[in-house]
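Architecture and fold: a report
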Amino acid sequence: MIDRRTFGKAIGAGAAGTAAASLTGLSSPSSAVAVPSSGPGADRAATASHTGGGSFPALKRVEAGELTIGYAEAGPAHGPAVVLLHGWPYDIHSYGEVAPLLAARGHRVIVPYLRGHGTTSFLSPRTFRNAQQSVIALDIIALLNALKIEKAVFGGFDWGSRTADIIAALWPERCRALVSVTGYLITNREKNKLPLPPSAEWAWWYQYYFATERGALGFEEYRHEFAKLIWRNVSPTWNFDDATFDRTAAAFDNPDYVPIVVHNYRWRLGLAEGAPRYDRLEARLAAAPDIAVPTITLDGELDPFTPAGDGAAYRSKFTGPYDHRTLKGIGHNVPQEAPEAFAEAVLDVDRF
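Overview of the structure. In this text the structure is predicted, and so the values were computed from the model without any measurement.

Thoughts on unusual backbone geometry
- Omega for the bond connecting Trp88 with Pro89 falls within 30 degrees of zero, at 0 degrees, which places this linkage in the cis form.
- Within the fold, Pro89 resides in the loop between β5 (81-85) and α2 (98-104).
- Backbone geometry at Lys148 places phi at a positive 60 degrees, although glycine is not the residue there.
- Positionally, Lys148 belongs in the loop between α3 (133-146) and β8 (152-156).

Describing the pattern of salt bridges
- This structure, assessed with the given rule, holds 16 salt bridges.
- Of the charged contacts, one joins Glu73 and Lys60 as a salt bridge, the two residues approaching to 3.1 Å between their closest N and O atoms. Of this pair, Glu73 sits in strand β4 (residues 67-74) while Lys60 sits in strand β3 (residues 59-64), and the two are 13 residues apart along the sequence.
- The class for Lys60 is partly exposed, based on a relative accessible area of 41%.
- Here Arg115 and Asp139 are joined by a salt bridge, their closest N and O atoms 2.6 Å apart. Placement of Arg115 in the loop between β6 (108-112) and β7 (121-122) and of Asp139 in helix α3 is noted, with a sequence separation of 24 residues between them.
- Given the relative accessible area of 1%, Arg115 is considered buried.
- When salt bridges that share partners are traced, they join Glu66, Arg115, Asp139 and Arg277 into one network.

The rules behind each value
Residues numbered from 1 in each chain as written. Predicted model: local features only at pLDDT ≥ 70, side-chain atom pairs only at ≥ 80, totals over all residues. Heavy atoms only, no water. Helix = DSSP H or I, 4+ residues; strand = E, 2+ residues; numbered from the N terminus. Salt bridge = Lys/Arg side-chain N within 4 Å of Asp/Glu carboxyl O. Buried < 20%, exposed > 50% of the residue type's maximum accessible area, 1.4 Å probe, protein only.

From the geometry alone we can't say anything about function, so treat these as descriptive.
Right under this line is the structure:
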């Protein structure tokens, strides 16, 4: 899930304003209802209740860095690359409907399982199951290298937004453009140590749960029930069915899933250490580097972690061509709840 400090700003500023998201020119079996846009920055609206259908016919695997990364691929092999990054507790199927929309427009779409998820595995059982933010971004750089992709448009939500933001900030030569749900999510661990108002802290209950051994054991035993509870809480209008959930929940059976998730949240709160060789990268990220690549940020109106103010809380961090869109009636899992709006943002930002 997203950063505590970002959520604190949202609580302090009040409910998010709503701008629109045009879905003009795209179609899928369960399309969102939309009003036409009138140009960059125009008010947009997308109210949708997708059940979350959409899957991938086959998966691939490639050795990349310290992992064998499992990924889905769609579209022409020599098309301009788009890399779509999922969050937690989700998997590649968040993009089951987005990927074919982009592939139909000629893009080569790559959707990898993040470390600890699905068919992604460590090459060595001795490797530290590290989930600090920089190492997840380095996984994706290694994937680009393994697939001989020089540059891609990146799209992400939740952990995927953070990872895409980091790549755009530190390796802009690899990022042609960016679509980031909930905006700027690069973590500053020192700021994360500061308390938030109680009304903000309650939504992060699972972070405190993961901070205890009882929580780690409970998460291990109830990983599917845990994810379903999160889905319902953060996407209150998303009417996903059991088949949709079960398709994603299979990714949580990875033996590294619990260690990776627990380490990620403990690391963010300063309760677990990362690897010293990444200290310089983390120092650069703690300084909150600007992102200069063309960017569209998306917010789900009903996402409890959405900052208020139509992106105003993080607007200053994006210094290149920019647009922001808030999606009406949509919660946290934007690409699965509103796939057309997400796909259109990818197509639009690639033309900035």
